[in-house]
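A closer look at the structure
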Amino acid sequence: MSQTITVNGDLLEWTEGMSVSDVLALKKYTFKMLVVKIDGQLIKKAIWPETVIPAGATVQVIHLMSGG
Amino acid sequence: MDIKAFKDAHKLINEKTYALGTIDKGYTNRTLYVNLDNNEIKEKPVTPQMKEKFIGGKGFGLRLLWDAVKPETKWNDPENEIIIAPGPVAGITAYSGTGKSIVVSISPMTDIIIDSNVGGYFGPYLKFSGFDALEIQGKAAKDVIIFIDGINGKVTIEEAPEEPLDSHILANVLTKMYAADEKDYRNVAVVSAGSAADHCNIGMLNFSLFDLSRKEVRLKQAGRGGIGRVFRDKNIKAIVCRSPQPKGDMLNVVDMNSIKERGQKFNREMREFDDDQCEMRTKGTAHLVEIMNEYELLPTHNFKFGQHADIAKIDSKVWKEWFTPRASDACWYGCTMACAKTVEDFEVRTGPYKGRKVLVDGPEYETAAGVGSNIGVFNSEVILELNFYCDTYGLDTISFGTLTAFAMECWENGILNKERTGGLELCFGNSDAALELIHQMSRGEGFGLIAGQGIRKMKKYFADKGWGDIAFMNDIGMENKGLEYSQYISKESLAQQGGYAMTNKGPQHDEAWLIFMDKVNKQIPTFEDKAEALHYFPMFRTWFGLMGLCKLPWNDVEPANNAETDEPAKVPEHVDNYLTIFKAVTGRDIDNAEMIRQSERVYNFQRIFNIRMGKGLRAHDAQPYRAAGPVTKEEYLSLQKQYDGQLKDIIGIDPEGKSIDEKMAATRKFREDQYEKLLDAVYKRRGWTRGGVPTIEHLQDLGMDLPELIEVVKPLLEK
């Protein structure tokens, strides 16, 4: 049975070694002003590529506002 | 252009000299009143209550307008006013985005109060010339120019019969006419409309600035709600202000060092982070085009869809190629965000300026989406041409785009045809038809004259003619309160539906933009969460309009540590900058809570102003169904998997075996019910009744239990 993570409330299939950057690409989160938290802990942008997400994690990708 | 001949044709109607005075802590403590019925020119004092309760900018505009009109006053009655007010902070140059004005009037689109914010130099120059607001009442017999000479302390009303109306010419002519010499061009600011504002309710105002780098006059727009139409109905050709040249501390602030310190810190953020964040310095708000497309928020074909395959033809890379960035890409001195992008030497291919090379201010995101994707035009040259003509003719690009999209969907559904449009094939993507439509608006003829009155009046006209089903047109006509929607798809964000339709003036995103928080981040899942957001953000953003501030530097760049704050969406460090600047300018020390209360006072005043005019209640916060969900089968089918999934998982109805009509009906019932529940929650949070009326207790709590407000709400509360 496949394992999952939760990203902004939606289930996403988890894969071994999946990084924050991988998740952003899968979710097509292309907006640049993002805040990422894994299980409530802030992950700084500089380490998104190497930060591996554990199975079952709750990931928040907070898009800040702009425009208007 | 023979400027001398234009000037020689002027006839002085009245003049008044005044003492130049001084600015004290951001305020001149007086306003300028001009009546075009009897040509009266006088000063009015700013009372302590005005500053305490209404602060400035939009607050001053609303206070002055309330006192000037009656509940039954219509937009084209002489007693309606146009008020331009910059706010106490407007005119500092040491922090970005500090040159805004708010224009207030009764709108021909909505028959209630409209407020429209605008850059350009006029607002600060008005203050440097001695006035916290300009209030114009009455109607001139013939075209006039109101000239405020802030160097010599004189205001004149002059008949001005000869100058052309279109703003790209008029603003240039008047800049040169009223400046002492070439070096003085920068000190002249012009407010003008354009030829289409003579005929169309979607008429807007252009506010000029002289671009020192390009040596040309540029234009920023008070776009929303038809104030340009009011301006021309009063036979105002232009308002001109000649000001002392801006320098460091024109406002006699309390603490310039604090402003400079915050300004320098902000400028470092722009230098270090903008290229990796919003790229405002190189793309302006047009950076949003592909982002909105990616998140299915870009209105396409009259808000039916949120994405389009041809997006690459009009995305920000395209605009970056067109733009010629210069240091002077700011609409007020000292702004390092500098997002007022410009296309130089653009060759026009249609209309009266065919073959000429012109300067186009923009496009901003709203224009690229409005006269681009939303009408099915994915051609940057056409978007630029529509942008140019909207500006010079004095038309709001947002309303033009949204109403043209509506007309195109009417064409698609047989409500319009060639016979009814006078030959215009108004199908999606027909650039030539869109361009001819705008030229007809300028000439005041043909279908352009009908369309130029806006969607609400078009719907009635089409229904009265028996051309279409009014219920369908109400569903697809993207207007609320009579104002056209700005350019975001709100179907999947209940909070943004409220952010649009629960506004005081109509669906403009400058009160609240909550789509990411709601739809993408899922940060505000409950009605109470959404209501809190629909309280905080509209009140917070109202504050910019009280001050003379631009909203963009608040959240279009973020400090390095913003992500580490408790509420990054609010950008706490920038909010603290604003509190610091307010104190540094005025000497008044306020905290976050008082900042919101300052806005609440004015916001509730505006709500009650609308109620006084017979509107402003729950019924007027209703939205067209296109803003909430799929009106047509085509829309439903385009996202069938998503909608079917919502039926099953959220609404609790198994879509299996159901027809599209049945599924659409169930979806609609659910979404309409959700919106009603949102209204309940938001009204409660805002201190209003279920009918949308501010309670006396809430007004007392805010210190806004003014007798004139109680008199309006009391009968409704007793029902």
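Structure's up top.
Residues numbered from 1 in each chain as written. Chains lettered and ligands numbered in written order. Predicted model: local features only at pLDDT ≥ 70, side-chain atom pairs only at ≥ 80, totals over all residues. Heavy atoms only, no water.

1. Some details on the overall build of chain A
- Scanning chain A from N- to C-terminus turns up one helix and five strands.
- Traced from its N-terminal end to its C-terminal end, chain A shows the element sequence β-β-α-β-β-β.
- The C-alpha atoms of chain A give 12 Å as radius of gyration, which agrees with the globular expectation for 68 residues (11 Å, within 12%).
- Considered along the principal axes of its C-alpha atoms, chain A spans approximately 45 × 25 × 20 Å.
- Across the 68 residues of chain A, 46% fall into the buried class.
- Taking all contacts inside chain A whose residues are at least 6 apart in sequence as the whole, residues at least 24 apart take part in 55%.
- Put simply, chain A shows about 3,400 Å² of open surface, and 54% of that area lies on carbon and sulfur atoms.
- On chain A, the mean spot of the 6 positive side-chain charges and the mean spot of the 6 negative ones are 14 Å from each other. (Helix = DSSP H or I, 4+ residues; strand = E, 2+ residues; numbered from the N terminus. Rg over C-alpha atoms; globule rule 2.2 N^0.38 Å. Buried < 20%, exposed > 50% of the residue type's maximum accessible area, 1.4 Å probe, protein only. Contact = heavy atoms within 4.5 Å. Areas by Shrake-Rupley, 256 points an atom, 1.4 Å probe, with all protein chains shown as cover. Lys, Arg positive; Asp, Glu negative; His and termini not counted. Charge placed at Lys NZ, Arg CZ, Asp CG, Glu CD.)

2. Let's talk about the overall build of chain B
- Summing up its helical and strand segments, chain B has 29 helices and 17 strands in all.
- Oriented by its inertia axes, the alpha-carbon framework of chain B measures out at about 80 × 55 × 55 Å.
- Burial status across chain B gives 67% buried among its 719 residues.
- Surface accessibility of chain B: about 23,600 Å² in total, with carbon and sulfur atoms responsible for 48%.
- Charge-centre separation for chain B: the mean point of 91 positive side chains lies 2 Å from the mean point of 106 negative side chains.

3. Describing the environment of Val358(B)
All names here are of chain B.
- Relative to the assigned elements, Val358 resides in strand β15 (residues 357-361).
- Note on Val358: relative accessible area 7%, which makes it buried.
- Separated by ten residues in the primary sequence, Val358 and Val348 place their C-alpha atoms 7.2 Å from one another.

4. Brief notes about the interface of chain A and chain B
- Of the residues lining the interface, 20 residues belong to chain A; the matching set on chain B comes to 33 residues.
- Each partner contributes to the roughly 2,300 Å² buried at the junction of chain A and chain B, and carbon and sulfur atoms together form 58% of this total.
- When the shortest N-O distance is used, the salt bridge between Glu279(B) and Lys32(A) registers 3.1 Å.
- At the surface where chain A touches chain B, the tally comes to nine residue pairs in polar contact (both at pLDDT 80 or more). (Buried area = accessible area lost by both parts, 1.4 Å probe. Salt bridge = Lys/Arg side-chain N within 4 Å of Asp/Glu carboxyl O. Polar contact = N/O pair within 3.5 Å; in protein donor to acceptor, adjacent residues only side chain to side chain.)

5. Observations regarding the sheet that holds strand β3 (residues 34-38) of chain A
All names here are of chain A.
- The strand order across the open sheet formed by five strands is β2-β1-β5-β3-β4, and the pairing between neighbours is mixed. At either end of the open sheet lies a strand with only one pairing partner, and these are β2 (10-13) and β4 (41-43). The mean inter-strand angle of the sheet, taken between neighbouring strand axes irrespective of direction, is 30°.
- As paired strands, β3 and strand β5 (residues 58-63) are joined by five bridges and run antiparallel to one another. In the strand pairing of β5, Leu34 is matched with His63. (Pairing = 2+ DSSP bridges. Axes fitted to C-alpha atoms, helices over the stretch in contact; angles between N-to-C directions.)

6. Observations regarding unusual backbone geometry
Residue and element names in this part refer to chain B.
- A cis amide bond links Gly362 with the next residue in sequence, Pro363, at an omega value of 5°.
- Summarising the element assignment, Pro363 is placed in the loop between β15 and α11 (365-370).
- Residue Asn39 is not a glycine yet carries a positive backbone phi of 60°.
- By secondary structure assignment, the location of Asn39 is in the loop between β2 (30-35) and β3 (40-45).
- Positioned with a positive phi, Ile55 is a non-glycine residue whose angle comes to about 65°.
- Positionally, Ile55 belongs in the loop between α2 (48-54) and α3 (58-68).

7. Details of the layout of surface pockets
- By volume, the largest pocket amounts to about 1,500 Å³.
- If you go around the largest pocket, you meet 44 residues; those closest to its centre are Glu492(B), Lys519(B), Lys522(B), Gln642(B) and Gln646(B).
- Elements with a minimum of two residues in the lining of the largest pocket: β2 of chain A together with α19 (494-501), α20 (515-520), α21 (527-547), α25 (633-638), α26 (640-651) and α27 (660-686) of chain B.
- Among the elements that line the lining of the largest pocket, the one with the most residues is α26(B), at eight residues.
- Class assignment of the residues belonging to the lining of the largest pocket gives a composition of 18 nonpolar, ten polar and 16 charged.
- The residue makeup of the lining of the largest pocket includes at least three contributed by each of domain 2 (271-484) and domain 3 (494-718) of chain B. (1 Å grid on protein atoms, 1.4 Å probe; cavity = no way out; pocket = protein on both sides within 12 Å on 5 of 7 lines; lining within 4 Å. Points joined across faces, edges and corners; volume = space filled by probe spheres on them. Nonpolar A, V, L, I, M, F, W, Y, C, P; charged D, E, K, R; others polar. Domains from an automatic or database assignment.)

Shape descriptors only; they carry no functional weight alone.
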